[in-house]
Structures are given as C-alpha cells and as structure tokens.
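Read off the chains here:
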Amino acid sequence: ATHATIENVTGLPTGVSWSKDSSGATGTISGTPTASGTYNVTVTVNSDQTPSCGIAYAYVRITVNPLPEVTVTNDNQTVCAGDAIVAMEITATNGTIANVEGLPAGLTWSGTMISGTPTVSGTFNVTVTVSSDQTPDCGEETATATITVNPLPEVTVTNNVQTICMDNQIQEMEIIYSNGTIESVTGLPENVNWSDTPSGATIFGAPAEYGTFNATVTVTSDQGCGTAMADVTITVKPNPEVTVSNNFQTVCENSAITAMEITATNGTIANVEGLP
C-alpha cells in the first residue's frame, strides 16, 4: 500500500489468510486452500494522508483446482472360481482412470467397468488409479477393492478301476481331495467300506457279492462352492462252484454205480481224480 494502510482483504478461499506488519503498509496473503473454485479477492487500503484522500482497491484471482477423486462400486466381493463377479463401476471425478492393477486372471477392465469370471483362487487387492485432468496437474488418487475367489472342491481316487474275485481284498484306493469334505461314498459292493482319518481317506475290503459296481465319491465344498465327484468301478468275479449228485455210494465189486452228475457253476470241469 502506497500512501495508505491496508484495511481489509476479502474473498479468500478457506485455508488462506492475510496479515499486515505494524506499519500497515505491507502484508502477505498465504496459506493452503482447502476448497476448490475460483475466488475473486479484493484488497482495500485507506489513505494515510490528512485530509484523507479516499480508498484504493487491488484485485486478486485465485483458482483452486480440485483434487482427483475415485470410487468403486461392489468393491468387496467373494465368489467361487468359475463364477462371474458383480460388475464394478469406477467413477472418476476431476481426473481420468490411469490404471487398474491386481486383477485376478479372468477379470478385465474396460472404460469404467471391471467385470469377468476369475479362473484362479485367492484374495486379490485391486488398485484403481485416477490422474488429475487439471492444469496445473493436481496429482493422483487411488481406490482399492478386494476380490476373494474361493477354490472349487477337487477329488481323485487312486486304483479306481479294479477287477477281482469275490472274497479277495481289493487293492486299497486312496481318496485325495481338497477344498471340501467327503460327503458320501455310494455304490460300493457288500463288505467294501471307506474311512476318512487323519492319516488319509481310503476305500478297502473284500467284496462279498459279485457284479459290476459303479461307486461315486462326493466331496462338498467347505466354502459354498458346490461339489466334486469321482467315479470308482469295481468288477467282482464270482467264485467257481461244483456239485456232484449221488456222491456217497456203496456197491458190490463188478456192479455199476449209480451215475453221478457233475454240475459246474462259474467255471468248467478241469479234472476228476481218485476214481476206482
């Protein structure tokens, strides 16, 4: 202020203030604006002459550019592998989307949308970066989203196709499963059982009936992601059987015996030994 003292400074943005020295002739405007917009500031000085020669004004314009902002809808999701996520919409204000990082395989972003079907399991922390579109550049802003992809249950059975004779021990079958618990094993022949212990799950036993048995092992997800099944085929062959009619006889020497009929089941007659 020349030939005057500073009386007032009006129209400053929030966070910016003014001060003057003891003489009142010089002062400063300083600070950090906390709200965006265009501010027309007026500096008023009063004459320090006698008589007073009135007032004078100076004008300042401060343009405060807004910081970029970003939000993401549906930003915390849990799905099963192979299921589509609920699409996430990215809203960028005062900026443009620069990058989206950390998406699991199967998900993509295009324009303002993140969508797709994840093909891998795990917890994925996704970062969306928006860059300022102002001049001067007002930096970047990020938003995070968490996508948890639960794995599907899996199950396999070793030695799952076998052919044996009735009453013989089957070769033990190991049930290998993950991401779930065994719900059931159905269709096994009589006297063949299954167990699940800390040392492992197995199918074992000696079948007491013959035929072809198509068994199913069912594992249920412990995270709500459905079931998995494995097939087992056990073919049990019947044991041979033989009967002889009139098989206890007493006759006189040189007299004919009553004919004996041999009946073979599940086999053929291989030999007859010990005849007189």
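Counting starts from 1 at the beginning of each chain's written sequence and moves along it residue by residue. Given that this is a predicted model, residues contribute local features only at a pLDDT of at least 70 and side-chain atom pairs are listed and counted only at 80 or more, while totals for whole chains, interfaces and linings are drawn from all residues. Side-chain numbers come from the whole structure's heavy atoms, not from hydrogens or water.

## Regarding the overall build of the protein chain
Logical step 1: The secondary structure content of the protein chain amounts to 0 helices and 23 strands.
Logical step 2: The atom set for the radius of gyration is the C-alpha atoms, and the globule formula is 2.2 Å times the number of residues raised to the power 0.38. Here the C-alpha radius of gyration of the protein chain, 45 Å, is well above what a compact globule of 276 residues would show, namely 19 Å.
Logical step 3: Summarising its shape, the C-alpha atoms of the protein chain cover approximately 170 × 35 × 20 Å along the three principal directions.
Logical step 4: Categorising residues by exposure relies on relative accessible area from a 1.4 Å probe, with only protein chains included: less than 20% of the type maximum marks a residue as buried, more than 50% marks it as exposed, and the intermediate range marks it as partly exposed. Every one of the 276 residues in the protein chain was classed for burial, and the buried ones make up 29%.
Logical step 5: By definition in these notes, contact holds between two residues if any of their heavy atoms fall within 4.5 Å. For the protein chain, the proportion of contacts with a sequence separation of at least 24, taken over those separated by at least 6, is 53%. Strands here are runs of E lasting at least two residues and helices are runs of H or I lasting at least four, both read from the DSSP assignment and numbered beginning at the N terminus.

## Quick notes on the pairing of strand 4 (residues 37-47)
Working note: regular strand, side chains alternate between the two faces of the sheet.
Logical step 1: For two strands to count as paired, DSSP must find a minimum of two bridges between them. In terms of strand pairing, strand 1 (residues 4-10) meets strand 4 through 6 bridges, oriented antiparallel. Counted as the bridge partner of Ile6 is Val45 from strand 4.
Logical step 2: Relative to strand 5 (residues 55-64), strand 4 runs antiparallel, the two being bridged by 10 bridges. Its bridge partner lying in strand 5, Thr42 is registered against Tyr59.

## Notes on the state of the cysteines
Logical step 1: By definition, disulfides here are pairs of cysteine sulfur atoms that lie within 2.5 Å. Taken as a whole and assessed by the stated rule, the structure comprises 1 disulfide.
Logical step 2: There is a disulfide in this structure between Cys80 and Cys225, and the S-S distance comes to 2.0 Å. One quick way to see it: the torsion about the S-S bond of Cys80 and Cys225 is about -90 degrees, and its sign makes the bridge left-handed. Of the two residues, Cys80 sits in strand 7 (residues 76-80) while Cys225 sits in the loop between strand 20 (211-221) and strand 21 (227-237), which places them 145 residues apart along the sequence. Accessibility assignment for this pair places Cys80 and Cys225 in one class, buried.

## Here's the deal with unusual backbone geometry
Logical step 1: Here the bond from Thr50 into Pro51 is cis, since omega is 0 degrees, no more than 30 degrees from zero.
Logical step 2: Note that Pro51 resides in the loop between strand 4 and strand 5.
Logical step 3: Each neighbour pair has its own omega, and for Thr135 with Pro136 the value is 0 degrees, a cis peptide bond.
Logical step 4: Summarising the element assignment, Pro136 is placed in the loop between strand 12 (122-132) and strand 13 (140-150).

## What to know about the nonpolar core
Logical step 1: What we call a nonpolar core is a set of buried Ala, Val, Leu, Ile, Met, Phe, Trp, Tyr and Cys residues that are connected through their side-chain atoms within 4.5 Å. Formed by 22 residues in total, the largest nonpolar core has its most connected members in Ile175, Ile203, Val217, Val232 and Ile234.
Logical step 2: Among the elements of the structure, strand 14 (154-157), strand 16 (173-178), strand 17 (180-186), strand 19 (200-205), strand 20 and strand 21 are those that each provide at least two residues to this core.
Logical step 3: Take this core: its biggest share by element is 5 residues, from strand 21.
Logical step 4: Once residues lying within four places of it in the same chain are set aside, the contact partners of Val217 are Val155, Val157, Ile175, Ser184, Val185, Ile203, Ala228, Met229, Ala230 and Val232.
Logical step 5: Val70, Met88, Val128 and Ile147 belong to the second largest nonpolar core, which has 18 residues in total.

## Brief notes about the sheet that holds strand 20
The pairing of strands in a sheet happens through backbone hydrogen bonds and is either parallel or antiparallel.
Logical step 1: Within the open sheet, the 4 strands sit side by side as 15-21-20-17. Their pairing is mixed. Every interior strand has two partners, whereas the edge strands, strand 15 (161-165) and strand 17, have only one. Direction aside, neighbouring strands of the sheet carry axes that sit 20 degrees apart on average. Working convention: axes come from line fits to C-alpha atoms, limited for helices to the stretch in contact. Angles between N-to-C directions cover 0 to 180 degrees.

## Regarding the sheet that holds strand 16
Logical step 1: Within the open sheet, the 4 strands sit side by side as 14-16-19-18. Their pairing is antiparallel. Two strands lie at the open edges of the sheet, namely strand 14 and strand 18 (192-197), each paired on one side alone. Taking the axes of each pair of neighbouring strands and ignoring which way they run, one obtains an average angle of 20 degrees across the sheet.
Logical step 2: Pairing geometry for strand 16 and strand 19, over 3 bridges, is antiparallel. Bridge pairing in strand 19 links Glu174 to Thr202.

## Some thoughts on a nonpolar patch on the surface
Logical step 1: Patches draw on residues past 30% relative accessible area with no salt bridge. Two like charges within 9 Å are joined, as are two nonpolar side chains (Val, Leu, Ile, Met, Phe, Trp, Tyr) within 5 Å. Accessible surface area values rest on a Shrake-Rupley calculation with a 1.4 Å probe, where residue burial reflects the displayed protein chains alone. By definition, a salt bridge exists where a carboxyl oxygen of Asp or Glu is found within 4 Å of a side-chain nitrogen of Lys or Arg. A cluster of nonpolar side chains, Val242, Val244, Val251, Ile257, Met260, Ile262, Ile269, Val272 and Leu275, forms an exposed patch at the surface whose accessible area comes to about 790 Å².
Logical step 2: When you line up the elements, Met260 lands in the loop between strand 22 (241-244) and strand 23 (262-265).
Logical step 3: Here Met260 falls in the partly exposed class, since its relative accessible area comes to 39%.

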